[in-house]
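# Fold and contact review
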Amino acid sequence: MDLTWMAWTWPTAAFFIFIAVAIATMGVWEYFRPGGDPRRGIFLIDTTRGDRLFITLLGSAFIFLGWLGLVGSPLWWPLGIAIVWGLFVFRFV
């Protein structure tokens, strides 16, 4: 298998591993505590746990891309912003 088409660095691998672990964790969470009833947050849309995970991942991607486009390295600041964004989404959205 030829994997040279992408720069597989440790941060790249960690990123994809994190997404896989997050989705698996949500699946296990749903298995043991089914329901995840939709709730209406400050965006006035009904969201489930999976929806909030998707919004968190999508928002984090935009945070990192915006940071890279406007500032560049280091990426510790956007990581902190993305974590705060995720906490915000799961609490208030």
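Everything discussed here concerns the structure shown above.
Residues numbered from 1 in each chain as written. Predicted model: local features only at pLDDT ≥ 70, side-chain atom pairs only at ≥ 80, totals over all residues. Heavy atoms only, no water.

### What to know about the overall build of the chain
Secondary structure summary: the chain contains 3 helices and 2 strands in total. Mapped from its N terminus to its C terminus, the chain presents α and β elements in the order α-β-β-α-α. By the compact-globule yardstick of 12 Å for 93 residues, the chain is too spread out, its C-alpha radius of gyration being 16 Å. Reported as C-alpha extents along the three principal axes, the dimensions of the chain are approximately 40 × 35 × 20 Å. Across the 93 residues of the chain, 20% fall into the buried class. Across the chain, contacts joining residues at least 24 apart in sequence account for 48% of those joining residues at least 6 apart. (Helix = DSSP H or I, 4+ residues; strand = E, 2+ residues; numbered from the N terminus. Rg over C-alpha atoms; globule rule 2.2 N^0.38 Å. Buried < 20%, exposed > 50% of the residue type's maximum accessible area, 1.4 Å probe, protein only. Contact = heavy atoms within 4.5 Å.)

### Examining the pattern of salt bridges
Within this structure, the stated rule accounts for 2 salt bridges. We note a salt bridge from glutamate 30 to arginine 49, for which the minimum N-O separation is 2.6 Å. Of this pair, glutamate 30 sits in helix α1 (residues 10-32) while arginine 49 sits in helix α2 (residues 49-70), placing them 19 residues apart in sequence. A salt bridge links arginine 40 to aspartate 46, with the nearest nitrogen and oxygen atoms 3.3 Å apart. Classification of arginine 40 as exposed rests on a relative accessible area of 54%. (Salt bridge = Lys/Arg side-chain N within 4 Å of Asp/Glu carboxyl O.)

### A closer look at helix α3 (residues 76-92)
The end-to-end C-alpha distance of α3 is 24 Å, a good match for the 24 Å that 17 residues give at a rise of 1.5 Å each. All of the buried residues in α3 are Pro78, Ala82, Gly86 and Val89. Along the axis of α3, the buried positions cluster into a sector of 85°, meaning they face one direction only. Relative to its buried face, α3 has exposed residues pointing more than 90 degrees away, namely Trp76, Trp77, Val84, Leu87 and Arg91. Buried positions along α3 lie against β1 (39-40) and α2. (Expected span 1.5 Å × (residues − 1). Arc of directions from axis to C-beta.)

### Details of α1
An α-helical turn contains 3.6 residues, so any two residues separated by three or four positions project in the same direction. With 23 residues, α1 should reach 33 Å at 1.5 Å per residue; the first-to-last C-alpha distance of 32 Å fits that figure. If you check which residues of α1 are buried, you get Thr12, Ala22 and Met26. Taken together, the buried residues of α1 touch α2 and α3.

### What to know about unusual backbone geometry
A cis amide bond links serine 73 to the next residue, proline 74, at an omega of -5°. Mapped onto the elements, proline 74 comes out in the loop between α2 and α3. Positioned with a positive phi, leucine 44 is a non-glycine residue whose angle comes to about 60°. Along the chain, leucine 44 turns up in the loop between β1 and β2 (46-47). With a relative accessible area of 60%, leucine 44 lands in the exposed category.

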